[in-house]
Amino acid sequence: MQKNINQYSPLALAYIGDGVYELYVRTRVIEEHPNLPAHKLHLKTVKYVKAHAQSNSIEAMLEMLTEEETSVYKRGRNAKSATVPKNANMTEYRRATGFEALIGYTYLSGNTERLNELMERAFLNAFDILN
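Residues numbered from 1 in each chain as written. Predicted model: local features only at pLDDT ≥ 70, side-chain atom pairs only at ≥ 80, totals over all residues. Heavy atoms only, no water.

(A) Summary view of the overall build of the protein chain. For the protein chain, the count of helices and strands is six helices and zero strands. The N-to-C order of helical and strand elements in the protein chain reads α-α-α-α-α-α. Taken over the C-alpha trace, the protein chain has a radius of gyration of 14 Å; the compact-globule value for 131 residues is 14 Å, and the two agree within 12%. When the 131 residues of the protein chain are sorted by exposure, 40% land in the buried category. In the protein chain, of all internal contacts separated by at least 6 residues, the share reaching a separation of at least 24 is 74%. (Helix = DSSP H or I, 4+ residues; strand = E, 2+ residues; numbered from the N terminus. Rg over C-alpha atoms; globule rule 2.2 N^0.38 Å. Buried < 20%, exposed > 50% of the residue type's maximum accessible area, 1.4 Å probe, protein only. Contact = heavy atoms within 4.5 Å.)

(B) The arrangement of the packing of helix H2 (residues 38-49) against helix H3 (residues 51-61) in detail. As a packed pair, H2 and H3 sit with axes 5 Å apart at the nearest point and diverge in direction by 45°. Comparing their axes, H3 and H2 come out oblique. In contact with Lys 47, Tyr 48 and Val 49 of H2, H3 contributes Ala 51, Ala 53 and Gln 54. Its residues assigned to classes, the contact of H2 with H3 comprises four nonpolar, one polar and one charged. (Axes fitted to C-alpha atoms, helices over the stretch in contact; angles between N-to-C directions. Parallel < 35°, antiparallel > 145°, perpendicular 65-115°, else oblique. Nonpolar A, V, L, I, M, F, W, Y, C, P; charged D, E, K, R; others polar.)

(C) Main features of the nonpolar core. One finds Tyr 21, Val 25, Ile 58, Met 61, Phe 99, Ile 103 and Met 119 to be the most contacted residues of the largest nonpolar core, which totals 22 residues. Broken down by secondary-structure element, the contributors of at least two residues to this core are helix H1 (10-32), H2, H3, helix H5 (90-109) and helix H6 (112-130). If one sorts the elements of this core by residue count, H6 sits on top with six residues. Once residues within four sequence positions are removed from consideration, Tyr 21 is found in contact with Tyr 48, Val 49, Gln 54, Phe 99, Ile 103, Met 119, Ala 122 and Phe 123. Counting residues in hydrophobic clusters, the runner-up holds eight residues, among them Tyr 8, Ala 14, Val 72 and Tyr 105. (Core = buried A, V, L, I, M, F, W, Y, C linked by side-chain atoms within 4.5 Å.)

(D) Layout of the side chain of Arg 114. Structurally, the position occupied by Arg 114 is in helix H6. Setting aside anything within four residues of it in sequence, one finds Arg 114 in contact with Met 64, Leu 65, Thr 66, Glu 69 and Thr 106.

(E) How the structure looks around the environment of Lys 47. For Lys 47, the location among the structural elements is in helix H2. Each C-alpha atom of the pair Lys 47 and Asn 78 lies 24 Å from the other, and the pair is 31 residues apart in sequence.

(F) Region of interest: the packing of helix H4 (residues 67-78) against H5. It is at 7 Å that the axes of H4 and H5 come closest, and there the two elements cross at 135°. With respect to H5, the axis of H4 lies oblique. Considering how the two elements wind past one another, H4 and H5 form a crossing that is right-handed. Counted together, Glu 68, Glu 69, Val 72, Tyr 73, Gly 76 and Arg 77 of H4 and Arg 94, Arg 95, Thr 97, Gly 98, Phe 99, Ala 101, Leu 102 and Tyr 105 of H5 form the full contact between these two elements. Among the residues making up the contact of H4 with H5, the classes are represented as six nonpolar, three polar and five charged. (Left-handed = near helix turned anticlockwise from the far one by under 90°.)

Such coordinate-based values are descriptive only and should not be taken to indicate function.
Following this line, the structure appears as structure tokens:
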């Protein structure tokens, strides 16, 4: 990517972060449950990628974020989206958007090691919270 990632809007970062995190979760779910039918894999995945789970995950991660990561998260959280949440309250939805912006930013920065740390932490916290 040629563009400076700081020039992307927070919602653009959230858009890419949503896809990156969902692929990570799908991969983890299928590794843990390789013989489940696709529909059941999907249901397990949704539990991790819905706004409620992402909101809980980011809350558990805040203390491990750098100043720059916190700034990216807050930009995403505070971005005004035209989308209205279906299955989450506005606070959860905004935290989830901030989480996705952070994941998108980290992905585009090319820092794979940090990206894996953040996604692993998010995945494990969502699991503990949901089960």
